[in-house]
Amino acid sequence: MTVPPAKAYWSRPAAEVVAGLDSAAGGLSEAEAKRRLREFGPNRLRESNGQGAWRALIKQFVSPLVLILLFAASVSLAISEWLDAAIILAIVIGSGLLGFAQEYSASRAVQKLRQQVSLKARVLRDGEPIEIPAEAVVPGDVVLLAAGSLIPADGLILAARDCFVIQAALTGETFPAEKLPGVVAPAASLPERTNCAFMGTSVRSGTAQLLVIETGGRTQFGQIAHRLNLRPPETEFERGIRRFGYLLTQVMLVLVIVAFAINVLFHRPVLEALLFSIALAVGLSPELLPAVITVTLGRGARAMAARGVIVRRLNAIENLGSMDVFCTDKTGTLTEGAVRLEQAVDPAGVDAPRVRSLAYLNAFWETGIANPLDQAIVAGGAPTGFAAQDWRKLDEIPYDFQRKRLSVVGLGPADERLLICKGAYATVLAVCAGVRDGDRESPLDDTLRAGLERRFAAWSQQGFRVLGVASRRVPEQPAYTADAEQAMTFEGFLLFADPPKAGVRDTLDRLAALGVKIKVITGDNRLVAVYVAEQVGIHAPRVLTGQEINQLKDEAFWHQAARTDLFVEVDPGQKERIILALRHAGHVVGYLGDGINDAPALYAADAGISVDTAVDVAKEAADFVLLGPDLEVLRQGIEYGRTTFANTIKYIYMTTSANFGNMVSMAFASLFLPFLPLLAKQILLNNFLADIPAVGIATDRVDRAAVATPHRWNIASVRRFMLTFGLISSLFDVLTFATLLWLTDGSPLHFRTGWFVESLLTQLLVVLVVRTRLPCYRSRPGNLLLGLTAILVAVALALPYLPGVAVFDFVPLPGRVLAAILGIVALYLLATEMAKRRFYRRST
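This text gives an overview of the structure that appears in the document. (Residues numbered from 1 in each chain as written. Predicted model: local features only at pLDDT ≥ 70, side-chain atom pairs only at ≥ 80, totals over all residues. Heavy atoms only, no water.)

**Here's the deal with the overall build of the protein chain**
Here's step 1: Secondary structure assignment for the protein chain yields 29 helices and 23 strands.
Here's step 2: Residue burial in the protein chain is summarised as follows: out of 844 residues, 55% are buried.
Here's step 3: Pairs at least 24 apart in sequence give 74% of the contacts found in the protein chain among residues at least 6 apart.
Here's step 4: Of the roughly 35400 Å² of accessible surface on the protein chain, a fraction of 59% belongs to carbon and sulfur atoms. (Helix = DSSP H or I, 4+ residues; strand = E, 2+ residues; numbered from the N terminus. Buried < 20%, exposed > 50% of the residue type's maximum accessible area, 1.4 Å probe, protein only. Contact = heavy atoms within 4.5 Å. Areas by Shrake-Rupley, 256 points an atom, 1.4 Å probe, with all protein chains shown as cover.)

**Brief notes about the packing of aromatic side chains**
To describe a pair of aromatic rings, one takes the distance between the centres and the angle between the planes.
Here's step 1: Scanning all chains against the criterion turns up 17 aromatic pairs.
Here's step 2: Where tryptophan 459 meets phenylalanine 493, the ring centres are 5.0 Å apart and the plane angle is 70°; that geometry is what we call edge-to-face. Of this pair, tryptophan 459 sits in helix α15 (residues 446–461) while phenylalanine 493 sits in strand β17 (residues 488–497), placing them 34 residues apart in sequence.
Here's step 3: Residue classification places phenylalanine 493 among the buried positions, given a relative accessible area of 0%.
Here's step 4: An aromatic cluster is defined as three or more aromatic residues linked by ring pairs; in this entry it consists of Tyr425, Phe456, Trp459, Phe490 and Phe493.
Here's step 5: Residue placement shows arginine 193 over the ring face of tryptophan 10; its charged tip is 3.6 Å from the ring centre. (Phe/Tyr/Trp six-rings, centres within 6.5 Å; stacked < 30°, edge-to-face > 60°. Lys NZ or Arg CZ within 6 Å of the ring centre and 35° of its normal.)

**Section: a nonpolar patch on the surface**
Here's step 1: A contiguous nonpolar surface patch, about 240 Å² in accessible area, is contributed by Leu89, Ile93 and Leu97.
Here's step 2: In this structure, leucine 89 sits in helix α5 (residues 82–114). (Patch = residues over 30% accessible without salt bridge, like charges linked within 9 Å, V, L, I, M, F, W, Y side chains within 5 Å. Salt bridge = Lys/Arg side-chain N within 4 Å of Asp/Glu carboxyl O.)

**Thoughts on the pattern of salt bridges**
Here's step 1: Within this structure, the stated rule accounts for 32 salt bridges.
Here's step 2: Arginine 440 is the partner of aspartate 437 in a salt bridge, and the nearest nitrogen-oxygen pair spans 2.7 Å.

**Examining the nonpolar core**
Here's step 1: Among the nonpolar cores identified, the biggest contains 130 residues, and Leu320, Phe326, Leu508, Phe567, Ile579, Phe624 and Trp713 are the most heavily contacted of them.
Here's step 2: At 14 residues, helix α23 (residues 631–672) tops the list of elements feeding residues into this core.
Here's step 3: Setting aside chain neighbours within four positions, we find isoleucine 579 in contact with Cys327, Ile521, Val589, Tyr591, Ala601, Ala604 and Ala605.
Here's step 4: Judged by nonpolar contacts, the second largest core, of 26 residues, contains Tyr425, Leu452, Phe456 and Tyr480. (Core = buried A, V, L, I, M, F, W, Y, C linked by side-chain atoms within 4.5 Å.)

**Some thoughts on helix α28 (residues 783–798)**
Here's step 1: Taking 1.5 Å of rise per residue, the 16 residues of α28 would be expected to cover 22 Å, and the 23 Å separating its terminal C-alpha atoms lies within 8% of that figure.
Here's step 2: Along α28, the positions that sit buried rather than exposed are Leu785, Leu788, Thr789, Leu792, Val793 and Ala796. The buried residues of α28 occupy one face: seen down the axis, they fall within an arc of 140°. Opposite the packed face of α28, turned more than 90 degrees from it, sit the exposed residues Asn783 and Ile791.
Here's step 3: Close packing links the buried residues of α28 with α24 (680–691) and α27 (748–770). (Expected span 1.5 Å × (residues − 1). Arc of directions from axis to C-beta.)

**Section: α24**
Here's step 1: The end-to-end C-alpha distance of α24 is 17 Å, a good match for the 16 Å that twelve residues give at a rise of 1.5 Å each.
Here's step 2: α24 sits mainly inside the fold: eleven of its twelve residues count as buried.
Here's step 3: Taken together, the buried positions of α24 are occupied by Ala680, Lys681, Gln682, Ile683, Leu684, Leu685, Asn686, Asn687, Leu689, Ala690 and Asp691.

**Quick notes on the pairing of strand β12 (residues 405–411)**
Here's step 1: Among the seven residues that make up β12, seven are buried, leaving the element largely enclosed by the rest of the structure.
Here's step 2: Alternating residues of β12 divide into Arg405, Ser407, Val409 and Leu411 and Leu406, Val408 and Gly410, and every residue in both groups is buried.
Here's step 3: Where strand β11 (residues 392–397) meets β12, five bridges bridge the pair, whose relative direction is antiparallel. Each bridged residue has a counterpart across the sheet, and for glutamate 396 the counterpart in β12 is valine 408.
Here's step 4: As defined by bridge partners, β12 adjoins strand β13 (residues 417–424) across seven bridges and the pair is classed as antiparallel. Bridging across to β13, serine 407 finds its partner in cysteine 421.
Here's step 5: Between β12 and β13, which pair antiparallel one after the other, the connecting turn spans five residues, and aspartate 415 there sits at a positive phi close to 55°. (Pairing = 2+ DSSP bridges.)

**Digging into the environment of alanine 188**
Here's step 1: Examined against the element boundaries, alanine 188 turns out to sit in the loop between β5 (177–178) and β6 (196–197).
Here's step 2: For alanine 188, a relative accessible area of 7% puts it in the buried group.
Here's step 3: It is 8.7 Å that separates the C-alpha atoms of alanine 188 and alanine 8, two residues lying 180 residues apart in sequence.
Here's step 4: If we skip the residues at most four places from it in the chain, alanine 188 touches Trp10 and Arg193.

**Description of the sheet that holds strand β9 (residues 325–328)**
Here's step 1: In spatial order, the strands read β8-β23-β22-β21-β9-β18-β20-β19; together these eight strands make up an open sheet with mixed pairing. The open sheet has two free edges, formed respectively by β8 (309–311) and β19 (543–545), since each of these has just one partner strand. Sheet twist, expressed as the mean angle between neighbouring strand axes with direction ignored, is 20°.
Here's step 2: Strand direction decides the pairing type here: β9 and strand β18 (residues 517–521), joined by four bridges, are parallel. Pairing of threonine 328 across the sheet is with valine 520, part of β18.
Here's step 3: Set on the sheet, helix α19 (residues 554–563) makes contact with β18, β19 and β20 (566–568); between it and β18 the angle comes to about 115°. (Axes fitted to C-alpha atoms, helices over the stretch in contact; angles between N-to-C directions.)

Here's what the structure looks like:
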């Protein structure tokens, strides 16, 4: 068996650690890697495995409501009430299996979708670099890291080049930590282990080779996650569900305590009163709510996947539907994303093969962050007559987001050592002392600088992305650093075109119709951003620059952010501040990012969105991954999010209308009747049968008006709905009680049977009324919901006449009693429909 090195591997020479792992500088062989994968298991945390079938099944039987029922069954068994205990246990098992079947199948489907955007790692296998799933990384692998890489495991740095790692999640360090090969003390703390990198951190800049030591739950991150049982921050939807749970708990506690106390006070049998009170609590509770939510979200995730949106965090779907502000860069979303190098010109604006040649070498040799600008330069090829093979790369100074430039050092045909710098125009010009003028170099004075600025502004106003190119002869030395970028000669400009995407104007209009406001966050200059914005229909945009943002205090910025359309010349660190300011202003914010520095903003957003081609750290931070940077796909995702929210609310309203009224009515009726209005087993059966059609809510149709605007949780509205429609239900319950007492001469068996049928019918049929804001006859339910409701209505009407129902103490109802019940149900539905229209008129 292969055994990882002893503890404190960071204090031992790299060669010794490599040998101890039976590895090599060229990594493992493919066969050995497969063997180690079987030995050590997949490189993942236990929490990320998804819930297995047994865990999902057990989960159905450990909720507080089920435990209360099991307690009631235990009490019945203790006093030899075998039939009551059997009925309670049968209902518990039936409800649990129903929830399990729905929830587990949905969770498995979503897990398969997530695998489509699983993280990758570049490793050396048999000495060659290949890309594998991060879960397939094993101890002894040599991982190739570059800017944007999410480090897949704990390991030892074998080689590094200007490598800085963001490891705040583990160490709390504010700034990126530099990583270097070497040896540190055995007692070194995590921040002091400068020769190590850890799972869950990410490469900010530079490159490195990492020898994997620990994977999965054995990593530092895995141990912390296991101890703390880490989970993502609570979403707004989860917060709403939690508050709804608090509301129901308060109502249930009052109802149960009052009902139990008064029944005991009236000298009813204590056991009978206890079981009745427990049954009331269960009847009021939405025990299938977790299953309904999971199925609804799972169906939404599958539908979104069919449109190219992979859901990584299921509960974020509602946040996407609630989103009213969407922040994005322009490249690839508002523009085609197919960047083309249009021109390479000298400082005077004349086509210059030398500028194109230098840019080609710089882009071709670059090994850090893959970006479309370098790809466009390489795709354009070297100019005719330029022999790139005559040049040899000596060194590279990687790009970083402070310098905003990348430099390479090459050796030319005449032993010319040349440092070639390419990057943002302003930052390149800042390290220049001269300007190329044909074969000569002229000092960079104010006149020349003003001319360069005019040309840069003119091209920017035409929508071109403009970079600068500079060069400098350098002396021979072992390695070069960013300090060499000084006293350079400005060679010229690179002009890139990325035209607006076809149809994006119509998509933005449709997003606006959905109540979603677009805000652009870009590092490009004001002129380019305004040009693109106006091309896609954002007219007279309000602009805020990164420099202006820095000058604003938080309170002032919160106010300005909500009114701003374009955030331009933004530093990466300002993106998160923009998102937080918009959220503080009361908006539900979505953010689309694909770069290294987008991760904090993705975490801060209510709905973090990335693309499949994004760097690892961005995809890991995102709630959703688009298989293509298409705003039309996102628009459809928003509609799916609102659909799932609408269907979840339907179940809430179903529970808080007839259910609530019926349970309250029974509690108070027990005070005035000489017998309990329903036995505990009848209440539980009623609740179980009424919940079966809830399975169809996940596939129910949703009115167009429900997806036209963002919706958010409003517990006050839910409370008003509960009181309004619960009161209506209770009024008709009183009518039912009076009718049954009159028609049955006070017979408990006939009364309970009639009341059971009426209660079940109202709970089943009221769903068809409260599921829509429209008149119920103008909104057709989904086929499954309608079919299940029809079947259960038939069961409710036939139940008193079926053989064997005597175990539930049911008896056949006389025809006049059944006719009266149907008349009361019809009046109840009519009254609920009229109250619904009034309720929504007052709510808007």
